[in-house]
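Geometric and topological summary
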Amino acid sequence: MEEVINIPKILLHIHLDGSVDINLLYEWLKEDGYDLSFDEAKKKFQVDKDCKSLNQYLEKFDLPCMLLNSKERLKKASRELFLKLDREGVLYAEVRFAPLKHINDNMDEEVVVEAVVEGMREAFSKTKIRGGIILCCMRDFSFDDNIKTVDLAFKYLNKGVVGIDLAGAEAIYKTEDFRDVFMYASKLNIPFTIHAGEADGISSINSAISFGAKRIGHGIRSIDSDEFMKKLIDDNILLEICVSSNYQTGAVKEYHPIEDFIKKGIKVSINTDNDTVSNININSEYKYILDNTNITIEDIKRSNYNAIDFIFADDNEKNKLKKIIGL
Ligand SMILES: [Zn+2]
């Protein structure tokens, strides 16, 4: 484990609500009047070891989303997550969440975003980790709500927020239907990544790329076409790969294509998606990949180095990271 902890890491794909410290979640659960033992609570926050169902996986977000219902909690969840990532050897992390899922009578979307940014900044002041917040548009949200999320990202861009994403049920709500949302984001020069090719096929990834996405969340269905994989290389697209998550949601059955992607020269970054839901961390993911594929530590180091060009930050930040990670 020592050797993977020491690899300086770039983490591009991790959701706040799926990665809140489990002890914090339990504390809040009790504060809010739930009478559950820790083990019972754990079952509500974490998938079973052999989970292979998207529905089971998605159920685990219900409670954390509900518990992240105040400024203090959002701030703390964000701060503790960045501090944890720092301990795991992450140099730069982009943490994503959907702000509109947390608004209530006491908190509008601006308070929500400011709380998460503040938590991140508190972590920055104590550690060397750097990064930013990505705001998620949701596939099941109305057009107006997604536009609201884009406007919110624009308001806080370079003030803690670094970009936007599209998350949610890809098989039901087609990527193509969100073209106008991302055309609007492009007009505002907001960087974006899009979950695609996880529960839907190549056409979904293709739509995301045609909107201008240079980063694709998962993108694993690219494996279905050699021609398409060549396009990923030609267009210099990076896939944000999350191995355990892909098994647990059933997006990947027996065999995960990460090794093919790397061997073919497609740029990939290795991520966790949801640390708490999957009961993993970035080091256990690296370890799993090293133990179960022919991917080497050198491949992993290169994936981190390659990821730097795709972070939503300026050249100054990229150059600093390149100097530290070097090859
Ligand atoms: Zn994700």
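All of the points below concern the structure found in this document. (Residues numbered from 1 in each chain as written. Predicted model: local features only at pLDDT ≥ 70, side-chain atom pairs only at ≥ 80, totals over all residues. Heavy atoms only, no water.)

This next bit is on the side chain of H218. Along the chain, the position of H218 falls in strand β6 (residues 215-218). When its relative accessible area of 0% is taken as the criterion, H218 is described as buried. Within the local environment of H218, its side chain forms a polar contact with the side chain of E198, the two groups lying 3.3 Å apart. With residues near it in sequence (within four places) discarded, H218 still touches H13, H195, A196, E198, L239, E240, I241, C242, S245, N246 and D273. (Helix = DSSP H or I, 4+ residues; strand = E, 2+ residues; numbered from the N terminus. Buried < 20%, exposed > 50% of the residue type's maximum accessible area, 1.4 Å probe, protein only. Polar contact = N/O pair within 3.5 Å; in protein donor to acceptor, adjacent residues only side chain to side chain. Contact = heavy atoms within 4.5 Å.)

Our focus in this paragraph is the coordination of the zinc ion. Every protein donor of the zinc ion is accounted for by H13 (NE2), H15 (NE2), H195 (NE2) and D273 (OD), and the metal-donor separations fall at 2.1 to 2.3 Å. Around the zinc ion, the four donor atoms are arranged such that angles at the metal cover 81 to 167°; this shape is classified as irregular. Positions of the donor residues of the zinc ion along the chain correspond to the pattern H-x1-H-x179-H-x77-D. In this pair, H15 sits in strand β1 (residues 9-15) while D273 sits in the loop between β8 (267-270) and α14 (275-278), placing the two residues 258 residues apart along the sequence. Looking at H15, the relative accessible area reads 10%, which means it is buried. (Donors = N, O, S within 2.8 Å, 3.2 Å for Na, K, Ca; no water. Tetrahedral: all angles 85-135°; square planar, octahedral: opposite > 155°, others 65-115°.)

Right, let's get into the nonpolar core. By size, the foremost hydrophobic cluster in this structure holds 92 residues, and its most contacted members are I133 and I164. Top element by residues in this core is helix α7 (residues 109-126). It accounts for eight residues. If we ignore the near neighbours within four places in the chain, the residues touching I164 are I134, L135, C137, V150, A153, F182, A185, I190, P191, F192 and T193. I10, L12, L91 and I308 belong to the second largest nonpolar core, which has eleven residues in total. (Core = buried A, V, L, I, M, F, W, Y, C linked by side-chain atoms within 4.5 Å.)

This next bit is on helix α11 (residues 226-234). Every buried residue belonging to α11 is among F228, M229 and L232, and all of these are buried. Here the buried residues of α11 occupy an arc of 100° about the axis, which is enough to place them on one side. Away from the buried face of α11 by more than 90 degrees, exposed residues D226, E227 and D234 are located. Put simply, S225 is the residue that caps the front of α11, since its side-chain oxygen is 3.3 Å from the backbone nitrogen of E227. Of the residues one or two after α11, N236 is the one with positive phi, at around 55°. (Arc of directions from axis to C-beta.)

So, on to empty space enclosed by the protein. According to the stated counting rule, one finds one cavity of 30 Å³ or more in the structure shown. The computed volume of the largest cavity comes to approximately 30 Å³. Classifying every residue of the lining of the largest cavity by side-chain character gives three nonpolar, one polar and three charged. (1 Å grid on protein atoms, 1.4 Å probe; cavity = no way out; pocket = protein on both sides within 12 Å on 5 of 7 lines; lining within 4 Å. Points joined across faces, edges and corners; volume = space filled by probe spheres on them. Nonpolar A, V, L, I, M, F, W, Y, C, P; charged D, E, K, R; others polar.)

Across the sheet, which stays open at both edges, the four strands sit in the order β5-β6-β7-β8 with parallel pairing between neighbours. Both outer strands of the open sheet, β5 (193-196) and β8, are each paired with one neighbouring strand and no more. The average undirected angle you get between the axes of adjacent strands in this sheet is 30°. Where β5 and β6 come together, four bridges link them in parallel fashion. (Pairing = 2+ DSSP bridges. Axes fitted to C-alpha atoms, helices over the stretch in contact; angles between N-to-C directions.)

Of all the seven residues making up β1, seven are buried; the element is thus mostly covered by neighbouring parts of the structure. The sheet contact formed by β1 and strand β2 (residues 90-97) spans five bridges and is parallel. Following the sheet pairing, I14 is matched in β2 by V95.

On to helix α16 (residues 297-308), then. Since the α-helix packs 3.6 residues into each turn, any two residues three or four apart lie on the same face. Along its twelve residues, α16 runs 17 Å from first to last C-alpha, staying within 8% of the 16 Å computed at 1.5 Å per residue. Along α16, the residues classified as buried are I297, I300, S303, N304, N306, A307 and I308. (Expected span 1.5 Å × (residues − 1).)

Attention now moves to the pattern of salt bridges. Pairs can form between side chains of opposite charge whenever their charged atoms are close. All told, the structure shown has 23 salt bridges when counted by the stated rule. A salt bridge links R179 to E176, with the shortest nitrogen-to-oxygen separation between them at 2.7 Å. Residue R179 is classed as partly exposed on the basis of its relative accessible area of 27%. The partner of D299 in a salt bridge is K263, and the shortest N-O contact between them spans 3.4 Å. (Salt bridge = Lys/Arg side-chain N within 4 Å of Asp/Glu carboxyl O.)

The next point concerns the packing of helix α6 (residues 71-87) against α7. Two elements in contact, α6 and α7, have axes separated by 7 Å at closest approach and are oriented at 35°. Regarding α6 and α7, the two cross each other, and that crossing is right-handed. When α6 is examined against α7, the residues K71, L74, K75, S78, R79, F82 and L83 are found in contact with a partner set consisting of V111, V112, A115, V116, E118, G119, M120, E122, A123, F124 and K126. (Left-handed = near helix turned anticlockwise from the far one by under 90°.)

Per the counting criterion, the structure on display carries five aromatic pairs. Aromatic pair Y57 and F61: ring centres 5.8 Å apart, planes at 55°, arrangement tilted. Each member of the pair Y57 and F61 is classed as buried. By the ring-pair criterion, three or more aromatic residues cluster together here, those being F182, F192 and F211. (Phe/Tyr/Trp six-rings, centres within 6.5 Å; stacked < 30°, edge-to-face > 60°.)

The strand order across the open sheet built from four strands is β1-β2-β3-β4, with neighbouring strands paired in parallel fashion. Bordering the open sheet on either side are β1 and β4 (161-167), each of which pairs with just one other strand. Strand-to-strand twist across the sheet, computed as the mean angle between neighbouring axes with direction ignored, equals 25°. Where strand β3 (residues 130-138) meets β4, six bridges bridge the pair, whose relative direction is parallel. Considered in β4, the bridge of L135 is made with I164. Set on the sheet, helix α8 (residues 143-156) makes contact with β3 and β4; between it and β3 the angle comes to about 160°.

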